[in-house]
Amino acid sequence: MSKKIATREAYGEALAQLGRENPRVVVLDADLAKSTKTLVFGKQFPDRFFDMGVAEQNMLGTAAGLAAAGKIAFCSSFAVFAAGRAFDQVRNSVAYTRLNVKIGASHAGITVGEDGASHQSVEDIALMRVLPNMTVFVPADAVETAGAVRAAAELDGPVYIRLGRSGVPVLHGPDFRFVPGEAVTMREGTDAAIIATGIMTAMALEAAGRLQQEGIEVTVLNVHTIKPLDLEAVAGAAKATGAVVTAEEHSIIGGLGGAVAEILAETYPVPLKRVGLTDTFGESGPSSNLLKKYGLTPEALVSAVKGVIARKQGKVL
Amino acid sequence: MDTELIEQLEARAKVIRRHIIRMTGECGSGHPGGSLSAADIVTALYFHELRLDPARPDWPERDRFVLSKGHAAPVLYAALAERGFFPADELLTLRRLDSRLQGHPDMRKLPGVEMSTGSLGQGLSAANGMALAGRLDGRDYRVYVLLGDGEIQEGQVWEAAMAAAHYRLDNVTAFLDHNGYQIDGPIREVMSPEPVADKWQAFGWHVQIINGHDFKQILNAIAAARKVRGKPSMIVAETVKGKGVSFMEHQVGWHGVAPKPDEAEQALAELV
């Protein structure tokens, strides 16, 4: 786990690879091609790369038109703009139409860092998850990102891929197989389960390691596909452990935590703690400091796990 | 120009207008005013210009038409039915439960609909995407798009206008249905987009201004647009909201209100 690669870096490489294999793939960006890494594709396939300027709404609509004419259209911007600024275009021109538009949304969450809250999307998973026909991937590392890009190209219909700015540990070996909709059990324990997504998966593993030293065994379930959610794995983790913590670099409203709460309430209710942004915007600062300030750390997960275990044991906190 | 062709198109437009009245009258809702103003443009496209095969709605070489002002769905449905994409009987299911004729066009439900529209301002972007794909694939199809004059108050339209000129999409021809009205009143009073022709020109488009109810002018403008190289074409069509039905013409009240049975009867009596 020494090598760190940002998922956006892996995205750029995966797109270029896809471009070599599939001539139907086209890529659009909205003046952020250097940051989202679509420029890696753009340099190799200039004819199939379209910079749409600072106009995300038109980018999504144009991608829909390209897809309607048979292309697989990846389009990228920061998550705040791709999912937020262009929400109605995603809804009406992409999701409602079930067109082959794949949104590679980078700089999601607070690890954007210094740019501050205007650029830190804490709501995009919620926005995309609520749309019918939309598939939502939140890869945890570079390997999952490559798998998500490939899976997105193979899926017939719209896909949202949430990517980060900052480097994250590589969790999987080269043999890892990304299966859409299939959560990955990273380790198993019976005391509690941490259900994590994106950059929080690495932190969940770290938390699990520390808890083990205290004699607490936790399952870590990595949910790279928020929609369709792996209901069986989520309910299974709840049944096997009786206590669940969710972890995401996103608002606890509407994202992974929201989805898990909905499912568990309907299937197998257990004590649950959602770790994420607690109905707040982020702010400027180095990403590691932001993660600490907003409680997105292994320490926070350790304490959340202890909390749900206490509730499971009938100790009301 | 061939007078016989003009007469045929005029007769066809009357049939289209009758469908619009019957459809909206039958279901008791819909947008007759802006459907009637666009009827001649849509007729010229579907019955003269567009390269289509109703038996193969997915034919890759077909020309595309995007109804960006999706609320004018009745005029599109009438043209598609008359052109043979589906039986004309089905027109009277407009806006009914389980109908393929949704209140605004749904490309996944009805053959011949190229893009689902309804949320205004999105059609030109989609048309540009189709045009870019055509160019990439070396196909010579053309993409037509119809915009409303209230619709161009949406910012996305101008993002798309900029992009079409930037990418030199001379395979795109847009019509502006310049009937002068939107739901809340005359466009000049609600939020004036004028001067429209100057704006499109400034955005790098080839612009023509025509009478949108004169088939000779419509066909000539389309032919002229075909010859333009390196620029997308805008045809500003001066039209009359509610055109063809005396009591609907220039009346903003008929934007989104369907005729009652006696009104429909009167309208049909005028459209013979």
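Up top is the structure these notes are about.
Procedures and definitions
- Residues numbered from 1 in each chain as written.
- Chains lettered and ligands numbered in written order.
- Predicted model: local features only at pLDDT ≥ 70, side-chain atom pairs only at ≥ 80, totals over all residues.
- Heavy atoms only, no water.
- Helix = DSSP H or I, 4+ residues; strand = E, 2+ residues; numbered from the N terminus.
- Rg over C-alpha atoms; globule rule 2.2 N^0.38 Å.
- Contact = heavy atoms within 4.5 Å.
- Areas by Shrake-Rupley, 256 points an atom, 1.4 Å probe, with all protein chains shown as cover.
- Lys, Arg positive; Asp, Glu negative; His and termini not counted.
- Charge placed at Lys NZ, Arg CZ, Asp CG, Glu CD.
- Buried area = accessible area lost by both parts, 1.4 Å probe.
- Salt bridge = Lys/Arg side-chain N within 4 Å of Asp/Glu carboxyl O.
- Polar contact = N/O pair within 3.5 Å; in protein donor to acceptor, adjacent residues only side chain to side chain.
- 1 Å grid on protein atoms, 1.4 Å probe; cavity = no way out; pocket = protein on both sides within 12 Å on 5 of 7 lines; lining within 4 Å.
- Points joined across faces, edges and corners; volume = space filled by probe spheres on them.
- Nonpolar A, V, L, I, M, F, W, Y, C, P; charged D, E, K, R; others polar.
- Core = buried A, V, L, I, M, F, W, Y, C linked by side-chain atoms within 4.5 Å.
- Buried < 20%, exposed > 50% of the residue type's maximum accessible area, 1.4 Å probe, protein only.
- Domains from an automatic or database assignment.
- Pairing = 2+ DSSP bridges.
- Axes fitted to C-alpha atoms, helices over the stretch in contact; angles between N-to-C directions.
- Parallel < 35°, antiparallel > 145°, perpendicular 65-115°, else oblique.
- Left-handed = near helix turned anticlockwise from the far one by under 90°.

Participant: Can you explain the overall build of chain A? Please cite residues and give values.
Facilitator: The secondary structure content of chain A amounts to 13 helices and 14 strands. A compact globule built from 317 residues should have a C-alpha radius of gyration of about 20 Å, and chain A, at 19 Å, falls within 12% of that. A principal-axis box enclosing the C-alpha atoms of chain A has dimensions of 60 × 40 × 35 Å. A separation threshold of at least 6 residues defines the contact pool for chain A, and within that pool the share at least 24 residues apart is 79%. In the structure as shown, chain A presents an accessible area of about 11700 Å², 51% of it carried by carbon and sulfur atoms. One way to put it: in chain A the 31 positive side-chain charges average out to a point 0 Å from where the 33 negative ones average out.

Participant: So what's going on with the interface of chain B and chain A? Residues and values would help.
Facilitator: The accessible area lost on association of the parts is a frequent measure of interface size. Across the boundary between the two partners, chain B contributes 23 residues, which contact 26 residues of chain A. Regarding the contact of chain B and chain A, the summed buried area is about 2100 Å², with carbon and sulfur atoms giving 56% of it. Sorting the residues of chain B by area buried against chain A places Arg108, Leu136 and Glu159 of chain B first, and these three jointly supply 26% of that buried surface. In this structure, the connection of chain B to chain A is made through one salt bridge. Between lysine 71 of chain A and aspartate 137 of chain B there is a salt bridge whose closest N-O contact spans 2.4 Å. Applying the counting criterion to the chain B and chain A interface returns 12 residue pairs in polar contact (both at pLDDT 80 or more). Those elements that place two or more of their residues in the side of chain B that touches chain A are α5 (123-136) and α6 (155-166) of chain B. With eight residues, α5 of chain B is the largest single contributor of residues to the side of chain B that touches chain A.

Participant: Got a sec to walk through empty space enclosed by the protein? Specific residues and values, please.
Facilitator: A water-sized probe rolled over the atoms picks out the places where empty space is left. Across all of its chains, the model carries two cavities of 30 Å³ or more by this definition. Its boundaries defined by the atoms lining it, the largest cavity holds a volume of some 100 Å³. Along its surface, the largest cavity is lined by Thr7, Ala108, Val138, Pro139, Arg162, Leu163, Gly164, Thr197, Gly198, Ile199 and Glu249 of chain A. Considering only residue class, the lining of the largest cavity consists of five nonpolar, four polar and two charged. The volume enclosed by the second largest cavity comes to roughly 70 Å³. Around the second largest cavity, the lining residues are Tyr46, Leu50, Leu52, Asp53, Arg56, Pro57, Arg62, Asp63, Phe65, Phe85, Gly112 and Glu114 of chain B.

Participant: Describe the nonpolar core, naming the residues involved and giving the relevant values.
Facilitator: Within the largest apolar cluster, 140 residues are counted, with the highest numbers of intra-cluster contacts made by Leu28 and Ile103 of chain A together with Tyr46, Phe65, Tyr77, Trp200 and Trp205 of chain B. Shared between two domains, this core takes at least three residues from each, and those domains are domain 1 (4-169) and domain 2 (184-310) of chain A. When near neighbours in sequence (up to four residues on either side) are disregarded, tyrosine 77 of chain B contacts Met23, Phe86, Leu91, Leu94, Leu101, Gln102, His104, Pro105, Asp106, Leu110 and Val113 of chain B. By size, the runner-up hydrophobic cluster in this structure holds 35 residues, among which are Ala196, Leu205, Leu291 and Val308 of chain A.

Participant: Report on helix α4 (residues 73-82) of chain B, specifying residues and quantitative values.
Facilitator: All names here are of chain B. The buried fraction of α4 is high, at nine of 10 residues. Within α4, burial applies to Ala73, Pro74, Val75, Leu76, Tyr77, Ala78, Ala79, Leu80 and Ala81. Considering only its buried residues, α4 is in contact with α1 (3-27), α2 (32-37), α3 (39-49) and β1 (64-67). The positive-phi residue at the C-terminal boundary of α4 is glycine 84, with phi of around 100°.

Participant: Tell me what's going on with the sheet that holds strand β13 (residues 244-251) of chain A, and back it up with residues and numbers.
Facilitator: All names here are of chain A. Taken together, the five strands give an open sheet; going across it, the order is β9-β11-β10-β13-β14, and neighbouring strands pair in mixed fashion. Each of the sheet's edge strands pairs with one partner strand only, and the pair in question is β9 (184-187) and β14 (272-277). Adjacent strand axes in the sheet meet at a mean angle of 25°, parallel and antiparallel pairs treated alike. In this sheet, strand β11 (residues 218-222) lies alongside β9 in antiparallel orientation, the contact comprising three bridges. Each residue of the ladder has a partner; that of arginine 187, found in β11, is valine 220.

Participant: How would you explain the packing of α1 of chain B against α4 of chain B if you had to name every residue and give the values?
Facilitator: All names here are of chain B. For the pair α1 and α4, the least separation of the axes is 9 Å and the interaxial angle reads 125°. On the basis of their axis angle, the class for α1 and α4 is oblique. Seen along the crossing, α1 lies across α4 with a hand that is right-handed. Where α1 abuts α4, its residues Arg12, Val15, Ile16, His19, Ile20, Met23 and Thr24 lie against Pro74, Val75, Tyr77, Ala78, Ala79 and Glu82. Here the residues of the contact of α1 with α4 are counted per class, giving nine nonpolar, two polar and two charged.

Participant: Outline the sheet that holds strand β5 (residues 101-106) of chain A, supporting the account with residue identities and numerical values.
Facilitator: Residue and element names in this part refer to chain A. A sheet is described by the order of its strands in space; here seven strands give the open sequence β3-β2-β4-β5-β7-β6-β12, paired in mixed fashion. Each end of this open sheet is capped by a strand with a single partner; those strands are β3 (49-51) and β12 (225-227). Neighbouring strand axes in the sheet, compared pairwise and without regard to direction, differ in orientation by 20° on average. Inspection of the sheet shows β5 paired to strand β7 (residues 159-162) by four bridges, in the parallel sense. The residue bridging glycine 104 from the neighbouring strand is isoleucine 161, located in β7.

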